[in-house]
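Reading the structure
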Amino acid sequence: MQVLAQAIEGAKSTDHAKVGDYMRTSEFDTVVGKVRFAPNGEWAKSRALMVQFQHIENNDLKQFEKPDSRVVLYPAEWKSGDVVYPYSK
């Protein structure tokens, strides 16, 4: 269910102020997991990942399918490896 639909049901209103207040104080189930909003309207916790492709050896696209080719560097709870710098083959 969309976040807006959940907020309208939770606020039991379509009044913008009531729906907005509900959205700033509630958690929502989404396709990316549970989401909360900060008072400024942005996600309370970012879902952006910093990723580095590693172990890339040639031009074959199949190597990007390997689980160890995408290393999550940030955020810490999703971290799967360390940055390789300077990067070389």
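The structure under discussion appears in the preceding block.
In short, a report on the structure.

Each value, and the rule that gives it
- Residues numbered from 1 in each chain as written.
- Predicted model: local features only at pLDDT ≥ 70, side-chain atom pairs only at ≥ 80, totals over all residues.
- Heavy atoms only, no water.
- Helix = DSSP H or I, 4+ residues; strand = E, 2+ residues; numbered from the N terminus.
- Buried < 20%, exposed > 50% of the residue type's maximum accessible area, 1.4 Å probe, protein only.
- Contact = heavy atoms within 4.5 Å.

1. Comments concerning the environment of lysine 79
Among the secondary structure elements, lysine 79 is positioned in the segment after β4 (70-74). Residue lysine 79 is classed as partly exposed on the basis of its relative accessible area, which comes to 45%. In this structure, the C-alpha to C-alpha distance between lysine 79 and proline 67, residues twelve residues apart in sequence, is 13 Å.

2. Quick notes on the environment of valine 35
Along the chain, the position of valine 35 falls in strand β2 (residues 33-36). In sequence terms valine 35 and valine 3 are 32 residues apart; their C-alpha atoms lie 9.0 Å from each other.

3. Details of the environment of methionine 50
Within the fold, methionine 50 resides in strand β3 (residues 50-53). You can call methionine 50 partly exposed: its relative accessible area is 48%. For the pair formed by methionine 50 and valine 71, sequence separation is 21 residues and the distance between their alpha carbons is 8.6 Å. Excluding residues that lie within four positions of it along the chain, methionine 50 makes contacts with Val71, Val72, Leu73 and Tyr74.

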